[in-house]
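Inside the fold
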Amino acid sequence: MSWFGAEIDGPLVLTRAVHFTASAGIAGVLMFRSFVAEPALRPSPEGYAIVRSRLAGLAWMALAVGVVTGLIWLVLQTMSIAALGWGEAVKSGEIWTVVNETQFGLVTEIRAVLAVLLSACLLLRHSVLSRWLALLVASALVAAIAWTGHAGSTLGELGNLHLAADVLHLCAASAWIGGLAGLAILFEVGRRRPAPEWRPLQQDAISRFSILGMISVAALIVSGLANAWILVGSFRALLVTDYGRLLLLKIAAFAIMIAFAAVNRLWLTPRLALVPKEVAHPSALSALRRNTLIEIVLGLAIFAMVGVLGTLHPAIHLVQ
Ligand code: HEM
């Protein structure tokens, strides 16, 4: 399959994109639970219990998708390293050479242990300690992806900076996109809750998420610029390479997401606060719900682009 003439490995790109989405989804949903849902819905234990079980359901689903795509990614990586077909890569035992002798293999092993730990934390969902541990382990699970991509192959001091920027980037991407999924669930549960009780709590949750969103966006821009500086290096490389053009498309999608987030924060949220709490389905709330879903779709498109970006030669190597 080709992208503007650049040959890309379709199955690898798809697997990476779905895996990034699932890993970011787990961490983001758990960040939303701890920093938004739990504090905002404390006055409604029954309402919070429903939201918490829905968030846990999504975290489990994302974990399952993450484990399956992680295994497929390992096989696809083995196929490309050893130039083997799917069957041979699995049967020949070459996969163990990749697991035991490559950085990708070591990171995959560590992430497999983190996935098992995370399952245990999610099972022990009633203990406060296991909830915070789940958040920590889920963040480590997504952050470790940095060692599998371009950031993992940049050497020296610059390599440390690149890894730090990429870890921040992955965690911020999780908080925003995974958090949006959490917000969509909260809106969904809110449809069936008595408005006078739920509207003020929902308004509080929206404001708390908005703060989490702003911090994530700031972190995404700073870490994204650091990544771009290391992997692109010049405006010329941004314009004349496949890598650069794809990154520009990604930044364009990001800018559209920011526009929707700004409308939500600066216009819809203040308007919603003025509507009497007895009104169950004010139009501002439907608009917020719709914009949240649009932002999620744009976020998924960005994960798809990143699925490709990490398989292309960084622009900085292609332009003198
Ligand atoms: C919603 C916004 C964004 C999301 C969800 C997102 C997500 C991601 C993810 C998951 C990666 C993969 C990291 C890896 O493979 O190690 C990545 C890499 C990257 N991102 Fe972003 N990002 C976002 C915004 C941005 C912005 C605004 C910029 C630039 C200013 C940017 C620049 C980059 C670069 C240069 C890379 C490195 C790709 C590579 O490994 O070749 N990102 N992003």
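Now for a description of the structure that goes with this document. Residue positions are counted from 1 within each chain, in the order its sequence is given. In view of the model being predicted, local features appear only for residues whose pLDDT reaches at least 70, and side-chain atom pairs are presented and counted only at 80 or more, with totals across whole chains, interfaces and linings using the full set of residues. Side-chain measures were taken over the full set of non-hydrogen atoms in the model, leaving aside hydrogen atoms and water.

Regarding the nonpolar core
In this text, buried Ala, Val, Leu, Ile, Met, Phe, Trp, Tyr and Cys residues form a nonpolar core when linked through side-chain atoms within 4.5 Å. Relative accessible area decides the class of each residue, using a 1.4 Å probe on protein chains only: under 20% of the type maximum gives buried, over 50% gives exposed, and in between gives partly exposed. Ranked by internal contacts, the top residues of the largest apolar core, which has 96 residues, are I26, L30, F32, L41, L118, W176 and F209. Under the DSSP-based scheme used, a helix requires at least four consecutive residues in state H or I and a strand at least two consecutive residues in state E, with every element numbered from the N terminus. Per element, the largest residue contribution to this core is 14 residues, and it comes from helix α7 (residues 156-190). Should any heavy atoms of two residues lie within 4.5 Å, those residues are considered in contact. Setting aside residues no more than four positions away along its own chain, W176 makes contact with F209, G213, S216, V217, L220, F254, M257, I258, A261 and E295.

Some details on the coordination of the iron atom of the ligand
Donor atoms are limited to N, O and S found within 2.8 Å of the metal ion, a distance that becomes 3.2 Å for Na, K and Ca. With water left out, some sites might look partial. In this structure, H169 (NE2) and K250 (NZ) serve as the protein donors to the iron atom of the ligand, at separations of 1.8 to 2.0 Å. Viewed at the metal, the six donor atoms of the iron atom of the ligand are separated by angles of 82 to 179°, and the geometry they form is octahedral. You can see H169 sitting in helix α7 and its partner K250 sitting in helix α10 (residues 242-274), a full 81 residues away along the chain. In this structure K250 comes out as buried when scored by relative accessible area, which is 15%. All geometry calls rest on donor angles, where a four-donor set with angles between 85 and 135 degrees is tetrahedral, four- and six-donor sets with opposite donors more than 155 degrees apart and all others between 65 and 115 are square planar and octahedral, and all else is irregular.

Remarks on the site of the ligand
In this text, near means that some heavy atom of the residue lies within 4 Å of the molecule or strand in question. Residues in close proximity to the ligand total 25 residues, the closest being H150, D166, H169, Y243 and K250. In the analysis that follows, any N or O atom pair within 3.5 Å is treated as a polar contact, provided that within protein one partner can donate a hydrogen and the other can accept it, and provided that, for residues neighboring in sequence, both atoms belong to side chains. Between an oxygen atom of the ligand and a side-chain N or O atom of D166, the distance comes to 2.4 Å. Elements with a contribution of two residues or more to the shell around the ligand: α7, α8 (195-231), α10 and α11 (283-309). Only Asp, Glu, Lys and Arg are considered charged in this grouping, and only Ala, Val, Leu, Ile, Met, Phe, Trp, Tyr, Cys and Pro are considered nonpolar; every other residue, Gly among them, is considered polar. The class makeup of the residues in the shell around the ligand is 19 nonpolar, four polar and two charged.

Concerning a nonpolar patch on the surface
A cluster of nonpolar side chains, namely L239, V240, L248 and I251, defines an oily patch on the protein surface of about 330 Å² accessible area. Counting residues per element, the ones that place at least two in the nonpolar patch are α9 (235-240) and α10. As for its placement among the helices and strands, V240 is situated in helix α9. On the basis of relative accessible area, V240 is assigned to the partly exposed category, the value being 42%. Only residues whose relative accessible area exceeds 30% and that take part in no salt bridge are eligible for patches, with like-charged residues grouped when within 9 Å of each other and nonpolar side chains (Val, Leu, Ile, Met, Phe, Trp, Tyr) grouped when within 5 Å. Surface accessibility follows the Shrake-Rupley procedure with a 1.4 Å probe radius. Residue values consider only the protein chains on display as shielding. Salt bridges are defined by distance alone: a side-chain nitrogen of Lys or Arg within 4 Å of a carboxyl oxygen of Asp or Glu.

Comments concerning the side chain of S139
Relative to the helices and strands, S139 resides in helix α6 (residues 128-143). For S139, a relative accessible area of 16% corresponds to the buried category. Setting aside residues up to four positions removed in sequence, S139 forms contacts with A27, M31 and C171.

Some thoughts on α6
Compared with an ideal rise of 1.5 Å per residue, which puts 16 residues at 22 Å, α6 spans 23 Å between its outermost C-alpha atoms and is within 8% of the ideal. Listing the buried residues of α6 in full gives S130, R131, A134, L135, V137, A138, S139, L141, V142 and A143. Expected span of a helix: the number of residues minus one, times 1.5 Å.

Observations regarding the side chain of R199
Tracing the sequence through the fold places R199 in helix α8. Of the side chains with opposite charge, E278 comes closest to the buried, unpaired R199, at an N-O distance of 7.0 Å. Here L272 takes part through its backbone oxygen, which lies 3.0 Å from a polar atom of the side chain of R199. Excluding residues within four positions of it along the chain, R199 makes contact with L272, V275, P276, K277, V279, A280 and P282. Charge assignment in this entry is limited to Lys and Arg as positive and Asp and Glu as negative, and neither His nor the chain termini are counted.

Some points on the packing of α7 against α11
Axes, fitted as lines to C-alpha atoms, cover a helix only where it is in contact. Angles between the N-to-C directions of the axes lie from 0 to 180 degrees. Between α7 and α11, whose axes approach to 9 Å, the crossing angle comes to 150°. Taken as axis vectors, α7 and α11 run roughly antiparallel relative to one another. For α7 against α11, the interelement crossing comes out left-handed. Of the residues in α11, those touching α7 at W176, I177, L180, A181, L183, A184 and F187 are L285, L288, R289, T292, L293, E295, I296, G299 and F303. The scheme is simple: roughly parallel for angles under 35 degrees, roughly antiparallel for over 145, roughly perpendicular for 65 to 115, oblique for anything else. Crossing chirality is assigned from the near helix's rotation relative to the far helix, an anticlockwise turn below a right angle marking it left-handed and a clockwise turn marking it right-handed.

Here's the deal with the pattern of salt bridges
Here the idea is simple: oppositely charged side chains can pair when their charged atoms come close. Per the counting criterion, the structure on display carries six salt bridges. With a closest N to O distance of 3.5 Å, E197 and R193 form a salt bridge. Residue R193 is classed as buried on the basis of its relative accessible area of 12%. In this structure, R245 and D242 form a salt bridge, with 3.1 Å as the shortest nitrogen-oxygen distance. One end of the pair is R245 and the other is D242, both in helix α10 and three residues apart, which spans about a single turn. Under the relative-accessibility criterion, R245 is labelled partly exposed at 32%. In this structure, a network of salt bridges that share partners links the residues E46, R193 and E197.

Considerations on the packing of aromatic side chains
Whether two aromatic rings pair depends on their centres lying within 6.5 Å, for rings of Phe, Tyr and Trp, where Trp uses its six-membered ring; planes under 30 degrees apart make the pair stacked, over 60 edge-to-face, and the rest tilted. Applying the stated criterion across every chain yields a total of five aromatic pairs. Aromatic side chains W73 and F104 sit 5.1 Å apart centroid to centroid with 70° between the ring planes, which places their arrangement in the edge-to-face category. Taken together, the residues span a long stretch of sequence, with W73 in helix α2 (residues 45-82) and F104 in helix α5 (residues 103-123) at a distance of 31 residues. According to the relative accessible area criterion, W73 is buried, its value standing at 3%. By relative accessible area, F104 is classed as buried at 8%. Ring centres 6.0 Å apart and planes at 85° place the aromatic pair W176 and F254 in the edge-to-face group. Linking W176 in helix α7 with F254 in helix α10, this pair joins segments that are 78 residues apart in sequence. Both residues of the pair, W176 and F254, count as buried.

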